[in-house]
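Chain residues, written in single-letter form:
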Amino acid sequence: MRTIGTIVAIVGLASLANHAVGGEQMEVLDWSSEHQPAAGIGLLVLGLLVLAAGSVLHRDR
């Protein structure tokens, strides 16, 4: 879970940074080009939440 959260957070951050500098949208996120920067922020937050949940669940083991 932590790995997936990290990947989603990195993709969200990259999407947000790419939008900020005016670059091309990543091919995976072409669907979100009309919804930027909100989609990038949403992916970043979702990734961080999954990462935190994975860390909490892993700590209980």
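The notes below deal with the structure included here. (Residues numbered from 1 in each chain as written. Predicted model: local features only at pLDDT ≥ 70, side-chain atom pairs only at ≥ 80, totals over all residues. Heavy atoms only, no water.)

### Points about the overall build of the chain
So, step 1. Per the secondary structure count, the chain includes two helices and zero strands.
So, step 2. Seen along its three principal axes, the alpha-carbon backbone of the chain occupies a region of about 45 × 20 × 15 Å.
So, step 3. Within the chain, the fraction of its 61 residues that count as buried is 21%.
So, step 4. Intrachain contacts of the chain at a sequence separation of at least 6 include 60% that bridge at least 24 residues.
So, step 5. Surface exposure of the chain reaches about 4,300 Å², of which carbon and sulfur atoms provide 67%. (Helix = DSSP H or I, 4+ residues; strand = E, 2+ residues; numbered from the N terminus. Buried < 20%, exposed > 50% of the residue type's maximum accessible area, 1.4 Å probe, protein only. Contact = heavy atoms within 4.5 Å. Areas by Shrake-Rupley, 256 points an atom, 1.4 Å probe, with all protein chains shown as cover.)

### Observations regarding the side chain of Gln-36
So, step 1. Position of Gln-36 among the secondary structure elements: in the loop between α1 (2-21) and α2 (38-59).
So, step 2. Judged by its relative accessible area of 11%, Gln-36 is buried.
So, step 3. There is a polar contact of 3.1 Å between the side chain of Gln-36 and the side chain of Ser-32.
So, step 4. A distance of 3.3 Å separates a polar atom in the side chain of Gln-36 from the backbone nitrogen of Gly-40.
So, step 5. Residues in contact with Gln-36, not counting those within four places in the same chain, are Ser-15, His-19 and Gln-25. (Polar contact = N/O pair within 3.5 Å; in protein donor to acceptor, adjacent residues only side chain to side chain.)

### Brief notes about α1
The α-helix advances 3.6 residues per turn, and as a result positions three or four apart in sequence lie on the same side.
So, step 1. Between its first and last C-alpha, α1 extends 29 Å over 20 residues, near the 28 Å set by a 1.5 Å rise per residue.
So, step 2. Within the sequence span of α1, burial applies to Gly-5, Ala-9, Gly-12 and Ser-15. Burial along α1 is one-sided: seen end-on, the buried residues are contained in an arc of 125°. Residues of α1 that are exposed and point more than 90 degrees away from the buried face comprise Thr-3, Ile-10 and Val-21. (Expected span 1.5 Å × (residues − 1). Arc of directions from axis to C-beta.)

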